[in-house]
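# Structural description and commentary
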Amino acid sequence: MDRYGLLGKQIGYAKSPKIHLYMAKKLGLDIRYDLFDVEENDIPALMKLIRNQTIKGINVTIPYKQTVMKYVDQLTPKANRIKAVNTIYYKNGKLIGDNTDYDGFMGLLLKHQIQVKDKNVYLLGAGGAAKAAYCVLQDLGAHVVVVSRHTNDLDPLFQHVTSFQKLNPDLVDLYVQATPIGTYPNVTESVIDASYVKNHSVIDLVYNPEVTQIMKDAKVGIGGIYMLLIQALKSEEIWFEIKHDITKTLLDELKEVVR
Ligand code: NAP
């Protein structure tokens, strides 16, 4: 039985085990998928288990997406650009760090048929998920302004930055919400006042609850569940060396699995 898992802290809530075990069964693969809810000083031992192939691959979540970069031998160009790793595997004698959050956000836009080319976008938050979303938006030709509480010491990746106090809804077409605000159990919270989004579309990367407060406040609200599912499927493509047919039917099936 091949072993996989999720590295993070306080990850009892994680939906990834359900997704991967369901997909493995569908593919006829016999796998385990464990939660590695560990302290930072336990990470080298975990990496050793991937190196010797006791564990075939892992996902990485908060707070270790940046931490693990120093433990891998090689970053894929995507992970290097985003400066965050959410998928680790061992290939050709090397421990490799990749980032499938990029593919997850790209897939979310495609599946919801959201065109961002030449659109003005406020990206709320500047953490790991925001960086992946930023790269996708840039690659698709959007004009992105990152909105953060700390406008001075942000990653140089972000070219245009502003503060929450300076938001002007008249200047944007779309909001992408990439802070954890509104996540269960704080389901009535939103990172910005409802008046900013009432005439706008919002994509919220938060997926629990399915409909967040900012989505309710917006004219059109799209949640982060497709991103979650697609990043998981893309990690499997890397680990299992397969290609998934990521149809809307499959995504809706998986939505029920994690519900
Ligand atoms: P992170 O690296 O910790 O970044 C969080 C960001 O939110 C930081 O920029 C932080 O700003 C900002 N923030 C936190 N509290 C804030 C507040 N009260 N007001 C304004 N800004 C605030 O986390 P992450 O990995 O990017 O994840 C962010 C969210 O995206 C999480 O809810 C996560 O579940 C979700 N996510 C979803 C998917 C998916 O597949 N759908 C994938 C990845 C992440 P400061 O630096 O000022 O604290």
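The following refers to the structure shown. (Residues numbered from 1 in each chain as written. Predicted model: local features only at pLDDT ≥ 70, side-chain atom pairs only at ≥ 80, totals over all residues. Heavy atoms only, no water.)

### With respect to the overall build of the chain
For the chain, the count of helices and strands is nine helices and twelve strands. Computed over its C-alpha atoms, the radius of gyration of the chain comes to 18 Å, within 12% of the 18 Å expected for a compact globule of 259 residues. Projected onto its principal axes, the C-alpha coordinates of the chain cover approximately 55 × 40 × 35 Å. Expressed as a percentage of the 259 residues in the chain, the buried residues total 51%. (Helix = DSSP H or I, 4+ residues; strand = E, 2+ residues; numbered from the N terminus. Rg over C-alpha atoms; globule rule 2.2 N^0.38 Å. Buried < 20%, exposed > 50% of the residue type's maximum accessible area, 1.4 Å probe, protein only.)

### Describing unusual backbone geometry
With an omega of 5 degrees, the peptide bond running from Ile62 to Pro63 counts as cis. Cis peptide bonds are those with omega within 30 degrees of zero, and the linkage from Asn208 to Pro209 qualifies with 10 degrees. Following the sequence through the fold, Pro209 ends up in the loop between strand E11 (201–204) and helix H7 (213–217). Despite not being glycine, Gln113 shows a phi value in the positive range, around 50 degrees. By secondary structure assignment, the location of Gln113 is in the loop between helix H4 (101–111) and strand E7 (120–124). Positive phi is not limited to glycine here, since Asp118 has a value of about 65 degrees.

### Things to note about the packing of helix H1 (residues 16–27) against helix H9 (residues 248–258)
At a minimum axis distance of 9 Å, the contact between H1 and H9 shows a crossing angle of 125 degrees. By the angle between their directions, the pair H1 and H9 is classed as oblique. You can see that H1 and H9 cross each other, and the crossing is right-handed. Between H1 and H9, the residues in contact are Lys18, Ile19, Tyr22, Met23 and Lys26 and Leu250, Glu253, Leu254, Val257 and Val258, respectively. Taken together, the residues of the contact of H1 with H9 sort by class into seven nonpolar, no polar and three charged. (Axes fitted to C-alpha atoms, helices over the stretch in contact; angles between N-to-C directions. Parallel < 35°, antiparallel > 145°, perpendicular 65-115°, else oblique. Left-handed = near helix turned anticlockwise from the far one by under 90°. Contact = heavy atoms within 4.5 Å. Nonpolar A, V, L, I, M, F, W, Y, C, P; charged D, E, K, R; others polar.)

### Focus: the packing of H4 against helix H8 (residues 225–240)
Interaxial distance between H4 and H8 falls to 7 Å at its minimum, and their mutual angle equals 130 degrees. Here H4 lies oblique to H8, going by the angle between them. Regarding H4 and H8, the two cross each other, and that crossing is right-handed. On H8, the residues touching Asp101, Asp103, Gly104, Phe105, Gly107, Leu108 and Lys111 of H4 are Tyr226, Met227, Ile230, Gln231 and Lys234.

### Things to note about the sheet that holds strand E2 (residues 31–37)
Strand order in this open sheet of six strands is E2-E1-E3-E5-E6-E4, and the pairing throughout is mixed. Because the sheet does not close on itself, it has two edges, and the strands there are E2 and strand E4 (74–75). Where strand E5 (residues 87–91) lies against strand E6 (residues 94–98), five bridges are found, and the strand directions are antiparallel. Looking at E6, one finds that Thr87 is bridged to Asp98. Against the sheet, H1 makes contact with strand E1 (2–8), E2 and strand E3 (57–60), and its axis sits at roughly 170 degrees relative to E2, the strand it touches most. Where H8 meets the sheet, it contacts E1, E2, E3, E5 and E6, and its direction lies at approximately 10 degrees from that of E5. (Pairing = 2+ DSSP bridges.)

### Focus: the packing of aromatic side chains
In this structure the tally under the stated criterion is six aromatic pairs. Seen from their ring centres, Tyr4 and Phe240 are 5.3 Å apart, and the 75 degrees between their planes marks the pair as edge-to-face. Taken together, the positions of Tyr4 in strand E1 and Phe240 in helix H8 put the pair 236 residues apart, joining distant regions of the chain. By relative accessible area, which is 3% here, Tyr4 ends up buried. Aromatic ring contacts, followed pair by pair, group Tyr4, Tyr33, Trp239 and Phe240 into a single cluster. (Phe/Tyr/Trp six-rings, centres within 6.5 Å; stacked < 30°, edge-to-face > 60°.)

### Points about the site of the ligand
Near the ligand there are 23 residues, and of these Ala126, Ala129, Arg149, His150 and Leu205 occur at the shortest range. Here Ala126 contributes a backbone N or O atom positioned 2.8 Å from an oxygen atom of the ligand. When the ligand sits alone it has 920 Å² of accessible area, and the protein chains cover 76% of it. Taken together, the elements giving at least two residues each to the shell around the ligand come down to helix H5 (128–139) and H8. (Near = heavy atom within 4 Å. Polar contact = N/O pair within 3.5 Å; in protein donor to acceptor, adjacent residues only side chain to side chain. Areas by Shrake-Rupley, 256 points an atom, 1.4 Å probe, with all protein chains shown as cover.)

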